[in-house]
Amino acid sequence: TGSLNQMFVSGYRDAFFIRLEERIFAVQPSLAFMEALPFLPVSELFYVSYFSYYVMIVGVGLALFFRNRAQFYHYVSVVSFVFYVCYLLYIFLPVMGPRIFFKELTDYNLPDELLPSEFPPEFPAAVQLGPFYRIMALIYHVFEAPGAAFPSSHVAVAITTAFFSYRYLRSIRRPHFVVVVLLCIATVYCRYHYVVDVVAGALTAALLIPLGNALYFKLSRVRK
């Protein structure tokens, strides 16, 4: 999507979302949240929660693979459906997310009136000491495509994995739900997403999970 999203749109649509956040909250939550809680235990809790996204996807998949192959195929089909719809949206609606404020992360220039008073903003020194802060910085530097912030696929897919733990892996459903909630908060604290990205990610999951289920079972019957 990072290679395709400039085919139809020039630049990124962050200016709209930055102004929207400012109108709703009177601040930029993706900057102010960490500034209000610049403590290593807090930051590591949120960075671990954000990292858990990768564990959720693989962990639930492996658990279902060894438990019941039909449940595994159901899981992979719906999770993939949610992913692909998000990826399609990113091609036509490229949004960088709060990383656009950080010159070391992107060379895209925002209009001067949208820049925070302290520019470029910094990550607190205590936060930068955390091992999971460094792990996530490496992952984003190597793997993350620009323009894939709205809606948050982390939120949409994490909620999808929680749906399957509630459906098939009920012994882990409560701790899984707690981690998903922490992940949703972490997307803003860790400066990966605007709040509206998180809301849109939750709404995307609410729409695509039942649609993905309906398509999966309909197509399964057709194959039989």
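Residues numbered from 1 in each chain as written. Predicted model: local features only at pLDDT ≥ 70, side-chain atom pairs only at ≥ 80, totals over all residues. Heavy atoms only, no water.

Whenever I open this one, the packing of aromatic side chains confuses me. Can you help?
Here the distance between the centres and the angle between the planes together describe a pair of aromatic rings. Scanning the model with the defined rule gives 26 aromatic pairs in all. Aromatic side chains phenylalanine 16 and phenylalanine 17 sit 5.2 Å apart centroid to centroid with 85° between the ring planes, which places their arrangement in the edge-to-face category. By relative accessible area, phenylalanine 17 is classed as buried at 6%. Their ring planes at 90° and their centres at 5.2 Å tell us that phenylalanine 65 and phenylalanine 66 sit as a pair that is edge-to-face. Given a relative accessible area of 27%, phenylalanine 65 falls into the partly exposed group. Its guanidinium or amino end placed over the ring of phenylalanine 123, arginine 191 lies 5.0 Å from that ring's centre, counting from NZ or CZ. (Phe/Tyr/Trp six-rings, centres within 6.5 Å; stacked < 30°, edge-to-face > 60°. Buried < 20%, exposed > 50% of the residue type's maximum accessible area, 1.4 Å probe, protein only. Lys NZ or Arg CZ within 6 Å of the ring centre and 35° of its normal.)

What is the right way to read helix H8 (residues 173-189) from this model?
Side chains three or four residues apart in an α-helix point the same way, a direct result of the helix having 3.6 residues per turn. Between the first and last C-alpha of H8 there are 24 Å, a value that for 17 residues agrees with the 24 Å anticipated at 1.5 Å per step. Arg173, His176, Val180, Leu183, Cys184, Ala186, Thr187, Val188 and Tyr189 are the residues of H8 that are buried. Where H8 ends, the next residue or the one after it, arginine 191, has phi of about 70°, a positive value. (Helix = DSSP H or I, 4+ residues; strand = E, 2+ residues; numbered from the N terminus. Expected span 1.5 Å × (residues − 1).)

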